[in-house]
Amino acid sequence: MLRAVQRGAGSGAVVAMALDRRWPLALARGAVPVALGLLLWVAIAGGEQERQHSLKGKPGADTANLAQRRRHNELIMTALREAAQTDENVAYRGVPWRK
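Residues numbered from 1 in each chain as written. Predicted model: local features only at pLDDT ≥ 70, side-chain atom pairs only at ≥ 80, totals over all residues. Heavy atoms only, no water.

Considering the overall build of the chain
Looking only at helices and strands, one finds 3 helices and 2 strands in the chain. The N-to-C order of helical and strand elements in the chain reads β-β-α-α-α. Scored against the burial criterion, the 99 residues of the chain give a buried share of 7%. A separation of at least 24 residues holds for 0% of the contacts in the chain among residues at least 6 apart in sequence. (Helix = DSSP H or I, 4+ residues; strand = E, 2+ residues; numbered from the N terminus. Buried < 20%, exposed > 50% of the residue type's maximum accessible area, 1.4 Å probe, protein only. Contact = heavy atoms within 4.5 Å.)

This is the structure we're talking about:
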């Protein structure tokens, strides 16, 4: 916070604003955690592109495998939707889950 300091004597005294000594310390205490967070973010974000590139080259990322996984997920979601709509315990049903 700024503090008013009077210099000179009499009614025509000049009022100067002096910087409080606590401001630089407060700014440093606030800036250090922000700077550390920024450095950590830069360190983590730097490896993100490499991770994305390595994921593209993994086996199982081809269209046939993705379509098979998508179909499997659709079957699971259908079974869950059917189980949510009935009061019967669907775990006791036979393998082809039909009503």
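Concerning the side chain of Asp20
Within the element layout of this structure, Asp20 appears in the loop between strand 2 (14–19) and helix 1 (22–46). Overall, the relative accessible area of 12% leaves Asp20 in the buried class. Polar contacts involving the side chain of Asp20 include one to the side chain of Arg22, which spans 2.8 Å. (Polar contact = N/O pair within 3.5 Å; in protein donor to acceptor, adjacent residues only side chain to side chain.)

Quick notes on the pattern of salt bridges
One pass over the structure, following the stated rule, counts 2 salt bridges. Of the charged contacts in the structure, one is a salt bridge between Arg71 and Glu74, with a shortest N-O distance of 3.8 Å. Of this pair, Arg71 and Glu74 both sit in helix 3 (residues 63–85), 3 residues apart, which is roughly one turn of the helix. Assessed through its relative accessible area of 47%, Arg71 is described here as partly exposed. We classify Glu74 as partly exposed; its relative accessible area is 43%. (Salt bridge = Lys/Arg side-chain N within 4 Å of Asp/Glu carboxyl O.)

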